[in-house]
Amino acid sequence: MPELSTSTPTAVGAPRVRLVVLVGAAVAVLLTVLAVPAVAASPIAQRYAQLGGSSGILGAPVNNEQCGLVRGGCFRHYQHGSIYWTADTGAKWTRGAIKNTWRSTGWELGVLGYPTTDENCGLTGGGCYQHFEGGSIHYAPGIGAHWSRGGIRSLWGSTGWERGLLGYPITSERCGLVNSGCYQHFQKGSVYWSPGTGAHWIRGSIRNTWSSLGWERSYLRYPTSNEVCSSSECHQTFTGGRMDWTRSTGVTTVTTPSLGRSTPAHSTAWRSCTATVAGKRVDVSASQRTVMIVDQTSKTYATFSHLTRTNTNCGFLRVVFTTARLGYGGTVWWSDRRQNTGTTPRGSFLMTESFGNGSAPTTQMPYRVTTNDDYWVLDQKAALSIYNEPRKGSAGGFDKREAERLRDFTTQYRLAVVFDFNRKSNPKVMGRGGGIFLHVHGSGATAGCVSVTLTEMQIVMRYLKAGDKVVITT
């Protein structure tokens, strides 16, 4: 009996000891696991959770969080927007039209950099905005989202942002103007900036007059002040002069140091005179209201000045001052010109009519829209009466291979003004050529015409009427 008593506990007790050891080990492991801290959610994940996660404004994720952006930035895209983070800006969300505009600038690598605020809405007219390191984007229904920055943004902000006198931006900032200038258009005006003048806003009748003169390309150049108003008038100064608007009459008067005081409106009782226009002496008849000077500066380039009369004493205002292209063969005196030489004829010519492949512009010049059956006849075997004249192809009488089908020159002949070279003012000479126009720039030098930009063509044609003069000189 005692022998059985001492052996039984040993056989039964051994497994119990092993069980206690195993349970103790499991507890130790569990305690060790519990002692390891949980991995903290990223700033982007935290912001996403604050916005309601997948049921919030951004919806479900569409990619994993990605880092390695400029300055250590990270981002994640969602169904309805994105969140971007840097240590300096924190995690900011962006979506919709504002996000699309930011993307068009190059995301965080573009002019705006990273967002510094979330999108904020509730502005006038249902608008929204978002600020970025380098500027802001403002959105309004029916207008879209446009960015602004620098001096233009600061000036707009000083006027009261979208609640102020300019309203919302309707374009983003655009640069590349004369003297490295920039501009931005708004609902009720514009802001123009240049390194030499800073940013100034312009609106109403003064802005309309400045626009008609050619914006910053005109003799007035850039604004040097904002508009200043009293109860009876407003005025604004420019690099090249000043404009005054009278409330009672609605007349805008332009004053320049060189041209004195005048208004863009034409007077009555015009007279013939000889004037020095853009450095050239020009005979001007009583019926002529505008003069164009094409002054050759190299073989295929010229300085182009378009001037309009302002009074009966032969005063002129320069409307457009720009660079024009000439024929690939340079220039030649008009009576020495020969067809197919690519030369631009020098001399004085009347302007008789205009044409184009689009709807009629604002002009007093006779204008016709071309069709696929419209040609300019240069066939030297055709009758002299139709040589160097416009003619329907269906009318026949000429070889179409020796004519220009006007619709084939979609860009150049978007707008064109006909010079009276080798047509009506002088006896027509077969072989001297023709089809000499003022038209829109192509890809290089012309075949004998004079070309300027489409915008400059549109400005010039506002002033032209049949019988006005162009002088091509050296």
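See the structure shown above.
Asker: Go over the state of the cysteines, please, and point to the residues and values.
Answerer: Counted by the stated rule, this structure contains four disulfides. Residue Cys-67 pairs covalently with Cys-74 via a disulfide, S to S 2.1 Å. With the S-S bond torsion at 105 degrees, the cross-link from Cys-67 to Cys-74 turns out right-handed. Between the sulfur atoms of Cys-229 and its disulfide mate Cys-234 the distance is 2.0 Å. On the sign convention where negative means left-handed, the S-S torsion of about 110 degrees between Cys-229 and Cys-234 marks this disulfide as right-handed. By relative accessible area, Cys-234 is classed as buried at 4%.

Asker: How would you sum up the nonpolar core? Please name residues and give values.
Answerer: In summary, soluble globular proteins display a tendency toward joint burial of nonpolar side chains. Phe-304, Phe-419 and Leu-438 are the most contacted members of the largest nonpolar core, which has 46 residues in total. Examining the composition of this core, we find that five residues originate from one element, helix H6 (residues 454–463), more than from any other. Those residues within four positions of Phe-419 in sequence are excluded, and the remaining contacts are Met-292, Phe-349, Leu-350, Met-351, Ile-436, Phe-437, Leu-438, Val-450, Val-470 and Ile-472.

Asker: Explain the environment of Gly-150 to me, and be specific about the residues and the numbers.
Answerer: Mapped onto the fold, Gly-150 is located in helix H4 (residues 150–158). Residues Gly-150 and Glu-173 lie 23 residues apart in sequence; the distance between their C-alpha atoms is 9.7 Å.

Asker: Summarise the sheet that holds strand E2 (residues 74–78); cite the residues concerned and give the values.
Answerer: In spatial order, the strands read E1-E2-E3-E4; together these four strands make up an open sheet with antiparallel pairing. Both edges of this open sheet fall to strand E1 (66–67) and strand E4 (90–94), since each of them pairs with a single strand only. Sheet topology note: the strand E3 (residues 81–86)/E4 ladder contains five bridges and is antiparallel. Following the sheet pairing, Tyr-84 is matched in E4 by Lys-92.

Calculation rules
- Residues numbered from 1 in each chain as written.
- Predicted model: local features only at pLDDT ≥ 70, side-chain atom pairs only at ≥ 80, totals over all residues.
- Heavy atoms only, no water.
- Disulfide = S-S within 2.5 Å.
- Buried < 20%, exposed > 50% of the residue type's maximum accessible area, 1.4 Å probe, protein only.
- Core = buried A, V, L, I, M, F, W, Y, C linked by side-chain atoms within 4.5 Å.
- Helix = DSSP H or I, 4+ residues; strand = E, 2+ residues; numbered from the N terminus.
- Contact = heavy atoms within 4.5 Å.
- Pairing = 2+ DSSP bridges.

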